[in-house]
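What the coordinates show
What follows is the residue order along each chain.
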Amino acid sequence: MKIRGQRVMLDFHLAELYEVETKVLKQAVRRNLERFPEDFMFELSKNELDKLRSQTVTFNWKPTTYAPFVFTEQGVAMLSSVLKSQKAIQVNVEIIRAFVQLRKLAIQNSDLINRINEMEKRYDEQFKEVFTALRYLINPPEKERRKIGYKR
């Protein structure tokens, strides 16, 4: 769902996902607030909560005194590092593995880009002639055509 222009998940959904109680999740977040800046997590305002409830009629809302915490993608990842459930630990390990893989891919791609740039600089003049020849073959200059018929 989108709230404040960001894709987010609600605390009670994440509690279910990480196999902990919502109360435990909120406690872990409050104990580690410095890990959750506003672009990672925020609490819904009363207006946002009312609007969300009215938009999701079929949603199974549990009566609560407090507005739910809302987590962005970064917050969901950070949450896996502060919760102690087995599921949260597994998710955190997978996030680290994915990050390492992405870093390796980025390094490989930057090497490839550097090689292509070097080749482009080295062979620029030769390729320029080839491209000029190809353009000539694709669009040859028009010759003046002979007129057909009798000359007067």
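For the structure itself, look to the data block above.
1. Regarding helix α2 (residues 22-31)
- Every buried residue of α2 is accounted for by L25, K26, A28 and V29. The arc that holds the buried residues of α2, viewed along the axis, is 160°, so those residues lie on one side. Within α2, the exposed residues directed more than 90 degrees away from the buried face are K23 and R31.
- Looking at the buried side of α2, the elements it contacts are α1 (11-17), β4 (41-43), β5 (69-71) and α4 (73-82).

2. Focus on the side chain of K26
- For K26, the location among the structural elements is in helix α2.
- Using a relative accessible area of 9% as the deciding quantity, one classes K26 as buried.
- The contacts of K26, once residues within four sequence positions are left out, are D11, Y66, A67, P68 and F69.

3. A short note on the side chain of D11
- Topologically, D11 is positioned in helix α1.
- A residue is classified by how much of its surface remains accessible, and D11, at 2% relative accessible area, is buried.
- With near-sequence residues (within four places) excluded, D11 lies in contact with T22, L25, K26, P68, F69 and F71.

4. Some remarks on the sheet that holds β5
- Strand order in the open sheet formed by three strands is β3-β5-β4, with antiparallel pairing between adjacent strands. This sheet does not close on itself; its edge strands, each paired only once, are β3 (9-10) and β4.
- Seen against the sheet, α2 touches β4 and β5 and runs at an angle of roughly 75° to β5.

5. Section: the environment of H13
- The residue H13 is located in helix α1 in this model.
- In this structure H13 comes out as partly exposed when scored by relative accessible area, which is 28%.
- The spacing of H13 and V70 is 57 residues in sequence and 9.9 Å in space, taken between C-alpha atoms.

6. A word on the packing of aromatic side chains
- Within the structure shown, the criterion is met by two aromatic pairs.
- With a centroid separation of 6.5 Å and 80° between ring planes, the pair formed by F69 and F71 is classed as edge-to-face.
- By relative accessible area, which is 5% here, F69 ends up buried.
- Look at F71 and you get buried, because its relative accessible area is 0%.
- Put simply, the rings of F36, F69 and F71 pair up and form one aromatic cluster.
- Above the ring of F69, the side-chain terminus of K26 is found at 4.9 Å from the ring centroid.

Quick notes on the rules
Residues numbered from 1 in each chain as written. Predicted model: local features only at pLDDT ≥ 70, side-chain atom pairs only at ≥ 80, totals over all residues. Heavy atoms only, no water. Buried < 20%, exposed > 50% of the residue type's maximum accessible area, 1.4 Å probe, protein only. Helix = DSSP H or I, 4+ residues; strand = E, 2+ residues; numbered from the N terminus. Arc of directions from axis to C-beta. Contact = heavy atoms within 4.5 Å. Pairing = 2+ DSSP bridges. Axes fitted to C-alpha atoms, helices over the stretch in contact; angles between N-to-C directions. Phe/Tyr/Trp six-rings, centres within 6.5 Å; stacked < 30°, edge-to-face > 60°. Lys NZ or Arg CZ within 6 Å of the ring centre and 35° of its normal.

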